[in-house]
Amino acid sequence: MKRSLMVLSVVSMLFAGVAGAAVQQGDTEIEALFGYMDWSAPDEAGDDADVSAWFLSGGVGYFFTDNIRVAGAGMWASLEQGDTDTDLWALGASGKYHFMPANQLVPYAGGQILWASADAGGDDSADGFLWGPLAGVRYELNENNDVFVEFQYHWFTGDISDELVEDGFVIFAGIVHQFK
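Residues numbered from 1 in each chain as written. Predicted model: local features only at pLDDT ≥ 70, side-chain atom pairs only at ≥ 80, totals over all residues. Heavy atoms only, no water.

(A) Spatial organisation of the environment of Asn67. The topology assignment puts Asn67 in the loop between β2 (51-63) and β3 (68-81). Here the alpha-carbon distance between Asn67 and Tyr108, two residues 41 residues apart in the chain, equals 8.8 Å. Ignoring sequence-local partners within four residues, the contact set of Asn67 consists of Lys96, Tyr97, His98, Phe99 and Pro101. (Helix = DSSP H or I, 4+ residues; strand = E, 2+ residues; numbered from the N terminus. Contact = heavy atoms within 4.5 Å.)

Structure, rendered in structure tokens:
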């Protein structure tokens, strides 16, 4: 009986999380994201003008409470739409609410708004805003580093919505480094 109890307790220790919280008030963090996007072109452009691409994003965030994080965010993508190559840059802010900050696996939801500029070379450029909800989950690797997967939905306004893309989704994978 004692031997079985000892084996059961050792096996249960394998599934125990770390003692510290994954996110805490006062933490500052840097994140790097790599993602895939699928955006819909305006109806006038037709289905062949839809955009799918890989891109990079990053941000610097601060936890005002154990649950609430606000961050500056940036994004870059190189889009191929027909015969045109377009660079898209976006800068702005995001906010996230972390539901179980003391766990090793932390789900979150939030939103973002970024000013975006698309340049297809020469005089062909468009500006507008990119905004929308986001949701994800982060997993604590160690005291200072987490990995995460995030889903975002984007809506566009301004010239970008009229000429390039109207809306779409993005799936990210990334890493976060925290300064405690």
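(B) Structural view of the side chain of Glu31. Within the element layout of this structure, Glu31 appears in strand β1 (residues 28-40). Overall, Glu31 belongs to the buried group, its relative accessible area being 9%. At a separation of 3.4 Å, a polar atom in the side chain of Glu31 contacts the side chain of Arg69. Residues within four places of Glu31 in sequence aside, it is in contact with Ser57, Gly58, Gly59, Arg69, Lys96, Phe148, Ile175 and Val176. (Buried < 20%, exposed > 50% of the residue type's maximum accessible area, 1.4 Å probe, protein only. Polar contact = N/O pair within 3.5 Å; in protein donor to acceptor, adjacent residues only side chain to side chain.)

(C) Fine view of the pairing of strand β7 (residues 145-156). Side chains of β7 alternate between two faces, with Asp146, Phe148, Glu150, Gln152, His154 and Phe156 buried and Asn145, Val147, Val149, Phe151, Tyr153 and Trp155 left unburied. Relative to β7, strand β6 (residues 125-140) runs antiparallel, the two being bridged by 9 bridges. Bridge pairing in β7 places Gly136 opposite Glu150. Connecting β6 to the antiparallel partner β7 that follows it, the hairpin turn spans 4 residues. Pairing of β7 with strand β8 (residues 167-179), which is carried by 11 bridges, proceeds in the antiparallel orientation. (Pairing = 2+ DSSP bridges.)

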